[in-house]
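Structural overview
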Amino acid sequence: QLQNKILILTICAAGIGGTFQYGYNISIINAPASYIQVFMNTTWLERMGVPLDSNMVLLLWSFTVSAYPLGGLTGAVAAGPMAIMLGRKMSLLLNNGFVIIAAALSGCSRMAKSFEMIMLSRFFTGVNAGVSMNIQPMYLAESAPKKLRGAVALTSASFTALGLVLGQVVGLRELLGGEESWPFLLASNVVPALIQLTALPWFPESPRYLLIDRGDKESCISALQKLRGTSDLSAELEEMLAEQAAVKGQRAKNPWELFQNPGLRWQLVSIVVLSSAMQLCGNDSMYFYAAYVFQEAGIPEDKIPYVVIGTGSCELITSVTCNMIIDYAGRRPLLLGGYIFMAAWAIVFMVALSQQTQISWMPYLSMACIFAYILSFGIGPAGVTGVLPTEVFDQMSRPAAYMICGSLLWFNLFLVGTAFPFIVKSLAHFCYIPFLVVCVCTALYVWFFLPETKGKSFLEISEEFRKRNFKAKTHGGFYKGPEEIKTTPL
């Protein structure tokens with residue numbers, strides 16, 4: 001039982017300064033948006049003697065917002081080399097430095113009368129989120145026992161959702177979302193960073209990293225004993241030694257090497273499709289619509305922030321539920337179900353939006369659609385997508401795979417954020433058609449091409465993909481997989 005506690009505490013220590021920050025920093029910027037725009041205008045007026053026109057304010061604000069995904073992209077690219085050279089745990093610890101710099105910049109921005117400091121702060125916050133979104137699921141999945149691997153790696157999504165909800169709560173006008181307190185709201189992300197810096201050093205490094213990357217068997221056994229207790233470790237250690245033997249003499253791969261390797265073709269296609277779909281499925285855009293739909297449903301304007309907290313809570317509840325069932329239900333059913341339900345709700349949502357003014361109860365249907373869409377996203381795509389790169393790539397390819405995943409995730413977040421206002425303008429009520437297409441195509445891909453990884457060792461999963469990658473050669477009799485796991489069921 002003590003060992004279960006150590007694993008749970010390791011998850012919490014990694015999560016609070018990890019993906020929690022991603023969700024938290026996405027939502028805290030929404031509450032003070034109007035105050036920051038006023039601050040930009042007054043600062044410019046004091047400097048230049050002329051106020052900014054509204055288009056210029058909007059442009060500066062969009063720079064501030066897009067600095068976050070830009071930082072995220074930088075962090076995602078840096079995460080791979082950091083994970084290899086510094087290790088998983090040390091990377092997470094050093095990553096807090098970016099948030100501390102960001103908090104100092106945004107906290108002092110009003111005093112220094114500089115809105116540029118807010119932009120720079122958002123960039124550093126993005127770098128922190130980019131690193132943690134890649135390294136945290138890798139660290140946790142490598143530290144977890146096989147039968148709990150999915151649930152443990154999936155906690156990354158639960159911490160993102162928790163950060164989202166807490167950011168919405170702290171951003172309420174009664175707390176830090178007021179006109180006087182917004183610099184403190186933007187600087188409040190330093191608290192989770194300090195908690196992680198205090199807690200994480202007490203927990204072990206990833207045993208797989210210690211053995212396979214560092215070749216340090218003693219430290220690996222010591223880390224395993226901390227995480228698993230005195231129970232028999234021989235089977236798990238044997239599996240790791242087999243994986244070490246399989247990658248012997250190899251060095252950690254670079255992202256472009258993954259594209260050149262025919263033995264990784266299907267793994268790569270799978271993570272590219274799923275990482276892109278996670279941002280292109282329109283879940284974040286639902287939050288964009290939330291305030292408008294709730295207003296149409298007759299909810300008083302001052303009560304809307306409280307209802308919006310309900311949408312974030314939906315994602316939190318489903319990601320925690322998904323945590324509990326992923327190692328029973330498997331990865332495929334959750335992904336499939338999530339995307340199929342999202343496609344169905346997208347159709348209902350577009351119909352409801354188009355009839356919003358004609359039929360009196362339509363705003364309530366739109367409202368239900370928002371909650372249902374977010375629930376469907378939370379139950380599968382939100383969490384499972386982050387688990388897969390750990391499971392389908394070996395130790396030498398994993399950091400590079402996460403760099404590709406992370407870069408796609410942040411690039412697509414930037415793309416959707418930039419394009420969505422124009423999509424709404426041109427397609428009006430039918431703005432969800434592009435997202436509907438993405439959901440349907442992803443569901444088809446999962447159904448036809450993605451194998452189940454539940455309960456399998458990393459070597460078994462590698463072997464299963466190897467069979468797919470070399471199917472043509474296998475028929476010709478050129479390729480023979482390792483003898484002892486030749487019969488892995490598809």
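Residues numbered from 1 in each chain as written. Predicted model: local features only at pLDDT ≥ 70, side-chain atom pairs only at ≥ 80, totals over all residues. Heavy atoms only, no water.

Note the cut-off: UniProt positions are given in the numbering used here, feature names are shortened, and annotations may be inferred rather than shown by experiment.
The protein goes by GTR11 protein in an unreviewed UniProt entry, where it is assigned to Agelaius phoeniceus. Entered under Subcellular location (unreviewed entry) in the UniProt record, the comment concerning the protein runs "Membrane". You can read under Sequence similarities (unreviewed entry) in the UniProt record for the protein the words "Belongs to the major facilitator superfamily. Sugar transporter (TC 2.A.1.1) family."

**Observations regarding helix α3 (residues 33-48)**
For clarity, the threshold we go by: Where helices and strands are cited, they refer to DSSP runs of H or I of at least four residues and of E of at least two residues respectively, numbered from the N terminus. The span one expects for a helix is its residue count, reduced by one, times 1.5 Å. Exposure categories follow from relative accessible area, calculated using a 1.4 Å probe and restricted to protein chains: below 20% of the type maximum is buried, above 50% is exposed, and the middle band is partly exposed. Directions drawn from the helix axis to the C-beta atoms are what define this arc. Residue contacts are counted whenever heavy atoms from the two residues lie within 4.5 Å of one another.
When the terminal C-alpha atoms of α3 are compared, their 23 Å separation across 16 residues agrees well with the 22 Å that a helix rising 1.5 Å per residue should span. The complete set of buried residues in α3 reads Ala-33, Tyr-35, Ile-36, Phe-39, Met-40 and Thr-43. Down the axis of α3, the sector holding all buried residues measures 160°, keeping them to one side. Tucked into the core, α3 has its buried residues touching α4 (54-85), α5 (88-112), α6 (116-143) and α8 (182-187). Note on α3: the residue one or two positions beyond its end, Gly-49, has a positive phi of about 80°.

**Things to note about helix α21 (residues 433-449)**
Helix length check: α21, at 17 residues, gives a terminal C-alpha distance of 24 Å against a target of 24 Å (1.5 Å per residue), a fit within 8%. Of the residues making up α21, those classed as buried are Phe-435, Leu-436, Val-438, Cys-439, Thr-442, Ala-443, Tyr-445 and Val-446.

**Brief notes about the layout of surface pockets**
Rule in force here: Cavities and pockets are found on a 1 Å grid laid over the protein atoms alone: a cavity is a set of points where a 1.4 Å probe fits but cannot escape, a pocket is an open set with protein on both sides within 12 Å along at least five of seven lines, and a lining residue has an atom within 4 Å of such a point. Grid points are joined across faces, edges and corners, and a volume is the space filled by probe spheres set on the points. Residue polarity is assigned by list, with Asp, Glu, Lys and Arg as charged and Ala, Val, Leu, Ile, Met, Phe, Trp, Tyr, Cys and Pro as nonpolar; anything else, Gly included, falls into the polar class.
What the second largest pocket holds in volume is close to 340 Å³. If you go around the second largest pocket, you meet 20 residues; those closest to its centre are Pro-145, Lys-146, Lys-147, Arg-228 and Glu-236. Contributions of two or more residues to the lining of the second largest pocket are made by α1 (2-16), α11 (217-228) and α12 (234-246). Residues that form the lining of the second largest pocket fall into these classes: nine nonpolar, three polar and eight charged.

**So, the domain arrangement of the protein**
For clarity, the threshold we go by: Domain start and stop points were drawn from an automatic or database domain assignment. Buried area: the accessible surface (1.4 Å probe) lost by two parts on joining, summed over both. Salt bridges are defined by distance alone: a side-chain nitrogen of Lys or Arg within 4 Å of a carboxyl oxygen of Asp or Glu. By the criterion applied in these results, polar contacts are pairs of N or O atoms within 3.5 Å in which, for protein atoms, one can donate a hydrogen and the other can accept it, and in which residues neighboring in sequence qualify only through two side-chain atoms.
Along its sequence, the protein is carved into domain 1 (1-203) and domain 2 (257-470). For domain 1 versus domain 2, the separation of C-alpha centres amounts to 21 Å. Of the residues lining the interface, 40 residues belong to domain 1; the matching set on domain 2 comes to 43 residues. Between domain 1 and domain 2, a total of about 3200 Å² is buried, with carbon and sulfur atoms accounting for 69% of that surface. Contact with domain 2 buries surface across domain 1, with Arg-149, Leu-154 and Gln-168 losing the most and accounting together for 18% of the total. At the surface where domain 1 touches domain 2, the tally comes to two salt bridges. The interface formed by domain 1 and domain 2 holds 10 residue pairs in polar contact (both at pLDDT 80 or more) in total. At the level of elements, α4, α6 and α7 (149-170) are the ones that each hand at least two residues to the side of domain 1 that touches domain 2. Counting residues per element, the side of domain 1 that touches domain 2 draws most heavily on α7, at 14 residues.

**Comments concerning the nonpolar core**
One broad rule of soluble globular proteins: the nonpolar side chains tend to lie buried together. How we decide: Residue types Ala, Val, Leu, Ile, Met, Phe, Trp, Tyr and Cys, when buried and joined through side-chain atoms within 4.5 Å, form a set referred to as a nonpolar core.
Of all hydrophobic cores here, the largest spans 73 residues; its most connected members are Tyr-339, Trp-410 and Tyr-432. When we break this core down by domain, the ones giving at least three residues each are domain 1 (1-203) and domain 2 (257-470). Of all hydrophobic cores here, the second largest spans 42 residues; its members include Ile-16, Ala-79, Val-170 and Phe-203.

**Considering the packing of aromatic side chains**
In this description, an aromatic ring pair is defined by two values, namely the gap between the centres and the angle between the planes. Counted only if it meets this: Any two of the Phe, Tyr and Trp rings considered here, Trp counted by its six-membered ring, make a pair once their centres fall within 6.5 Å; the pair's planes then place it as stacked at under 30 degrees, edge-to-face at over 60, or tilted in between. Charges are assigned to positions over rings by a cutoff of 6 Å between ring centre and Lys NZ or Arg CZ, combined with an angular limit of 35 degrees from the ring normal.
A complete count under the given rule lists 11 aromatic pairs for this structure. When the ring of Tyr-22 is compared with that of Trp-410, the centres are 5.4 Å apart and the planes differ by 80°; the resulting orientation is edge-to-face. Here Tyr-22 is found in helix α2 (residues 19-28), whereas its partner Trp-410 is found in helix α20 (residues 398-427), with 388 residues between them in sequence. Among the residues examined, Trp-410 registers a relative accessible area of 1% and is labelled buried. With 5.6 Å between their ring centres and 90° between their planes, Tyr-373 and Tyr-432 make a pair best called edge-to-face. Placement of Tyr-373 in helix α18 (residues 362-379) and of Tyr-432 in the loop between α20 and α21 is noted, with a sequence separation of 59 residues between them. This pair shows no difference in class: Tyr-373 is buried, exactly as Tyr-432 is. Joined through ring pairs, the aromatic side chains of Trp-266, Tyr-445, Phe-448 and Phe-449 make up one cluster. Against the face of Tyr-68 rests Arg-122, its NZ or CZ located 4.6 Å from the ring centre. Just above the ring of Trp-447 sits the side chain of Arg-332; from NZ or CZ to the centre is 5.9 Å.

**Some words on the state of the cysteines**
Stated precisely, the cut-off is as follows: Here, two cysteine sulfur atoms that lie within 2.5 Å of each other are counted as a disulfide.
For the structure shown, the criterion picks out zero disulfides. Here Cys-314 stays free of any disulfide, with the sulfur of Cys-369 as its closest cysteine sulfur at 13 Å. Residue Cys-314 is classed as buried on the basis of its relative accessible area, which comes to 10%.

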